[in-house]
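What follows is the residue order along each chain.
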Amino acid sequence: MKLALLSDLHANELALQACVAHAQAQGASQWAILGDLVGYGAQPSAVVDHCQRMADAGAIVLRGNHEDMALHPPAQATRQGEHTAHWTHERLSGSQRQWLAQLPLTARLGSVFLVHASANEPAQWRYVEDEGSASRSLMAAQQAQPDIRFVMGGHVHHQTLYYRGSGGQLMRFNPTPGIPIPVPPHRHWIATVGSVGQARDGDPRAAYALLDLGKHQLTFWRVRYDHAAAAQTVRAAGLGEALARRLELGR
């Protein structure tokens, strides 16, 4: 089975379409969308519709922190995501909001634990951004379900892999896009798969990962899409130049 892992779509339908097409060409047979379908971007309704269709066809879809913000926009907005939450809330239909509200925070697929942020208190939206936070996430998943070998998440908008070495400590590995990484099941692995809809590492390409459970390989991908057109949709929606430039520059 080839499991496509997509996270942090951020209302960017053009990037989502490109990643889905790319994963299909790689032979993806199962799909997991790891939260933050909305927020920041200008196409929340189209992205939610797309994800609903994927869920109807068998995809796993999780809830992220931007879904929670869009469902319950804060009374006082101080950050970019909070400002766009009000705009997003108004553009989602009642049935779309209802569907987002019932999405789970975590899911399991065999030996793979799926979460938006950290398995350590998923509703707290902790960042997995170093060996310590990765270790806490992996330990939390395994305490609940001891046979878990993989923890897959998003939230940090970067592609990183951690693995437990022979000494028991987690070690960090920075992947090269398109190069399969052996992930033998006798080890424990935790990954952040990057962002489909809002890159933040200086590369505007969309990001996702593909886990081949038959060959025990994990491949991180970067996918070209029309990020300039996506930026224009943000400008046209009046969401601010900073969010448009982020799509153009990938940072």
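See above for the structure.
In this text, all values refer to a predicted model and were calculated from it rather than measured experimentally.

## Points about the overall build of the protein chain
Counting secondary structure elements, the protein chain contains eight helices and twelve strands. In terms of overall dimensions, the protein chain has a C-alpha envelope of 50 × 35 × 35 Å along the principal axes. A fraction of 72% describes how many contacts in the protein chain between residues 6 or more apart in sequence connect residues 24 or more apart.

## Looking at the packing of aromatic side chains
Counted under the stated rule, the structure contains one aromatic pair. Taking the centre distance of 5.5 Å and the plane angle of 35 degrees together, the rings of Y163 and W189 count as tilted. With a gap of 26 residues between them, Y163 in strand β7 (residues 159–164) and W189 in strand β10 (residues 189–193) connect regions that are remote in the sequence. Look at Y163 and you get partly exposed, because its relative accessible area is 23%.

## Let's talk about the environment of L3
Relative to the helices and strands, L3 resides in strand β1 (residues 2–6). A relative accessible area of 0% places L3 in the buried class. In this structure the C-alpha to C-alpha distance between L3 and Q30, which are 27 residues apart in sequence, comes to 4.7 Å. Aside from chain neighbours lying at most four places away, what touches L3 is Q30, W31, A32, L109, V112, A209, L210 and L211.

## Structural notes on helix α5 (residues 94–101)
Turning to α5, its buried residues number three or more, namely Q96, W99 and L100. Here the buried residues of α5 occupy an arc of 100 degrees about the axis, which is enough to place them on one side.

## A look at the sheet that holds strand β8 (residues 170–173)
In spatial order, the strands read β4-β5-β6-β10-β7-β8; together these six strands make up an open sheet with mixed pairing. The outermost strands of the open sheet, each flanked by one partner alone, are β4 (106–109) and β8. Strand-to-strand, the axes of this sheet are offset by a mean angle of 20 degrees, without reference to chain direction. Sheet topology note: the β4/strand β5 (residues 112–115) ladder contains four bridges and is antiparallel. Bridged to L109 within β5 is V112.

What counts and what doesn't
Residues numbered from 1 in each chain as written. Predicted model: local features only at pLDDT ≥ 70, side-chain atom pairs only at ≥ 80, totals over all residues. Heavy atoms only, no water. Helix = DSSP H or I, 4+ residues; strand = E, 2+ residues; numbered from the N terminus. Contact = heavy atoms within 4.5 Å. Phe/Tyr/Trp six-rings, centres within 6.5 Å; stacked < 30°, edge-to-face > 60°. Buried < 20%, exposed > 50% of the residue type's maximum accessible area, 1.4 Å probe, protein only. Arc of directions from axis to C-beta. Pairing = 2+ DSSP bridges. Axes fitted to C-alpha atoms, helices over the stretch in contact; angles between N-to-C directions.

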